[in-house]
Amino acid sequence: MTITNIISAIGNNNSVYPLLVRDCGIEVPTKVALTYQQNKEDKEVAWLATRERLVDEYTVSAVWLGGIPLLERINARILKNRGFNPAISTKLMKEEAEQGLDFNIKKFKDLAPEAVKDLEFLKANQAKYKKLIGGKILAETAIPIALMGFIIPKLVFAWTANTKKELAKKKALNNDTFTPQQKNMSDFAKNLSFKGGIMSGLANFSTVQKMALTDGGYAVGRVATARKKNEAYDIGFKMAGMMFLNFVFPKYLASFLDKTTGKAINTNLNLDIKMLDDKDFIDAIKSKKFTLPDAKSGKELLDFVDKNPDSLFVKYANKYKKVTMLENGVRDPRKYVDLNALKGFRDDIAEISQNALKSGDVAKFMKKAKGLKAVNILANVGISSFLLAYGLPKAQFAFRKIITGSELEPGIID
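Reading the values: the criteria
Residues numbered from 1 in each chain as written. Predicted model: local features only at pLDDT ≥ 70, side-chain atom pairs only at ≥ 80, totals over all residues. Heavy atoms only, no water. Helix = DSSP H or I, 4+ residues; strand = E, 2+ residues; numbered from the N terminus. Buried < 20%, exposed > 50% of the residue type's maximum accessible area, 1.4 Å probe, protein only. Areas by Shrake-Rupley, 256 points an atom, 1.4 Å probe, with all protein chains shown as cover. Axes fitted to C-alpha atoms, helices over the stretch in contact; angles between N-to-C directions. Parallel < 35°, antiparallel > 145°, perpendicular 65-115°, else oblique. Left-handed = near helix turned anticlockwise from the far one by under 90°. Nonpolar A, V, L, I, M, F, W, Y, C, P; charged D, E, K, R; others polar. Contact = heavy atoms within 4.5 Å. Phe/Tyr/Trp six-rings, centres within 6.5 Å; stacked < 30°, edge-to-face > 60°. Lys NZ or Arg CZ within 6 Å of the ring centre and 35° of its normal. Core = buried A, V, L, I, M, F, W, Y, C linked by side-chain atoms within 4.5 Å. Expected span 1.5 Å × (residues − 1). Bend = angle between axes of the 7 residues up to and from the residue. Arc of directions from axis to C-beta.

Observations regarding the overall build of the chain
And then number 1: Counting its regular elements, the chain contains 16 helices and zero strands.
And then number 2: A buried classification covers 45% of the 414 residues belonging to the chain.
And then number 3: When the accessible surface of the chain is split by element, carbon and sulfur atoms take 58% of a total near 21300 Å².

Some points on the packing of helix α10 (residues 229–262) against helix α16 (residues 362–404)
And then number 1: Between α10 and α16, whose axes approach to 9 Å, the crossing angle comes to 155°. Taken together, α10 and α16 sit at an angle that is classed as roughly antiparallel. Handedness of the crossing formed by α10 with α16: right-handed.
And then number 2: Classifying every residue of the contact of α10 with α16 gives 18 nonpolar, nine polar and five charged.

Considerations on the environment of F150
And then number 1: Mapped onto the fold, F150 is located in helix α6 (residues 126–173).
And then number 2: Of the residues examined, F150 reaches a relative accessible area of 34% and is grouped as partly exposed.
And then number 3: Those residues within four positions of F150 in sequence are excluded, and the remaining contacts are I145, G221, A224 and T225.

Concerning the packing of aromatic side chains
And then number 1: Taken as a whole and assessed by the stated rule, the structure comprises eleven aromatic pairs.
And then number 2: Ring centres of F84 and Y129 lie 4.9 Å apart, and the angle between their planes is 50°; this geometry places the pair in the tilted category. Here the residue F84 occupies a position in the loop between α3 (43–81) and α4 (101–108), and Y129 occupies one in helix α6, the gap between them amounting to 45 residues. For the residue pair F84 and Y129, the accessibility class agrees, reading buried in each case.
And then number 3: An aromatic cluster is defined as three or more aromatic residues linked by ring pairs; in this entry it consists of F304, F313, Y320 and F345.
And then number 4: Cation over ring: R51 sits above W159, and NZ or CZ is 3.7 Å from the ring centre.
And then number 5: One residue, R227, lies across the ring of F157, its end atom 3.8 Å from the ring centre.

What about the nonpolar core?
And then number 1: Grouped together as the largest cluster of nonpolar side chains are 33 residues, with contacts concentrated most on F281, F345 and M366.
And then number 2: Among the elements of the structure, α11 (273–276), α12 (279–286), α13 (298–307), α14 (312–319), α15 (339–359) and α16 are those that each provide at least two residues to this core.
And then number 3: The element contributing the most residues to this core is α15, with six residues.
And then number 4: Here F281 is in contact with L271, M275, F290, Y316, I349, I352, S353 and M366, once residues within four sequence places are set aside.
And then number 5: Within the second largest apolar cluster, 17 residues are counted, among which are L101, V116, L119 and L122.

Some remarks on unusual backbone geometry
And then number 1: One non-glycine residue with positive phi stands out, namely N266, at about 55°.
And then number 2: Inspection of the secondary structure puts N266 in the loop between α10 and α11.
And then number 3: Not every positive phi belongs to a glycine, and K288 is a case in point at roughly 55°.
And then number 4: Note that K288 resides in the loop between α12 and α13.
And then number 5: Judged by relative accessible area, K288 falls into the exposed class, the value being 67%.

Focus: the side chain of N355
And then number 1: The topology assignment puts N355 in helix α15.
And then number 2: When near neighbours in sequence (up to four residues on either side) are disregarded, N355 contacts N266, T267 and F365.

A closer look at α6
Because each turn of an α-helix spans 3.6 residues, side chains separated by three or four positions in sequence point in the same direction.
And then number 1: Here α6 is 48 residues long and its end C-alpha atoms lie 68 Å apart, about the 70 Å a rise of 1.5 Å per residue gives.
And then number 2: In the structure, α6 departs most strongly from a straight axis at L147, where the bend amounts to approximately 35°.

Considering α12
And then number 1: Taken together, the buried positions of α12 are F281, I282, A284 and I285. End-on view of α12: buried residues confined to an arc of 160°, all on one side of the axis. Exposed and oriented more than 90 degrees from the buried face of α12 are K279 and D280.
And then number 2: In this structure, the buried residues of α12 make contact with α11, α14, α15 and α16.

Dropping the structure here:
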């Protein structure tokens, strides 16, 4: 995997990769260290709070980043076993002027007969399909919410409460003096075990959108399972900040950075960095062979795609998932096309192509665009990670001090 591909992956705010980098690589380790630092005045509280944060954060991350995709694969297999193609976009169940179940069945019956069979089966079994989709949505949201918002915190809290009781007994019997410094990693590892319209929209949520949805339930669960009122306030503040910094702020920051730095070369920087580095794309701009649809409506845009499947525009639209083309060059009738996204893609290509040609040196222009885009992506990850890993915990600790009057973990102190 090239550096450009890596930067592209972590710069895609609609994928799990930036979340993975920020969450597991930067945010959690920093939060663990800050938690110890914040509670170090009381060694017992510091050790328990740090253990809670470490286990809780990484267990939740495992459910959040791994559990949801796993449930998606399981549910896709269930749909397939029931005869449905899980690749079908449920948005097609609502007929529009240029796409929908009936529209696509009629239009593609001879062009993509196998794909149309999938649509016809769904149409004939819509009631059954809707029930399965309902179960799919419930499983992919309710299970992670239950685990992250209720089960995991209850187990962690029970573990802490049990440890506190054991420590109190030891102190009372004078058999042991608790010194966290004496606890090595093997002891810690031994203790690391616990005992004790809407339908269509939700069904088409991406993995990241489902993560955002489950985060809302996760936040409610964490507040509801708080051990004390002050801990509920503390957790509520943290969860609100996490949701904003994970799902809202990075997209606005990316837009701001691209718009601001794009002024340096008088163009947009909305395209994927891999496209800005694509030799064939650059050569097509140089030779003025990149033919774009002159479409004023969604129907005209789709007509261009269907009539010009071998055009560079369609090839790049397929590559960057604006449309989905079958191997025979026909647009996949099972996939819903976001016409606004497709038109935006077309407009972004038109603008950057025109400005690259005006510059007099297309290759040099695109190299600058790629460099600016790379800086923007890395800056976005860096700024978002800093705010999540350092800024938010510090704000939380200040909020905690105002609300509770103490800097120590409100759920652990007596």
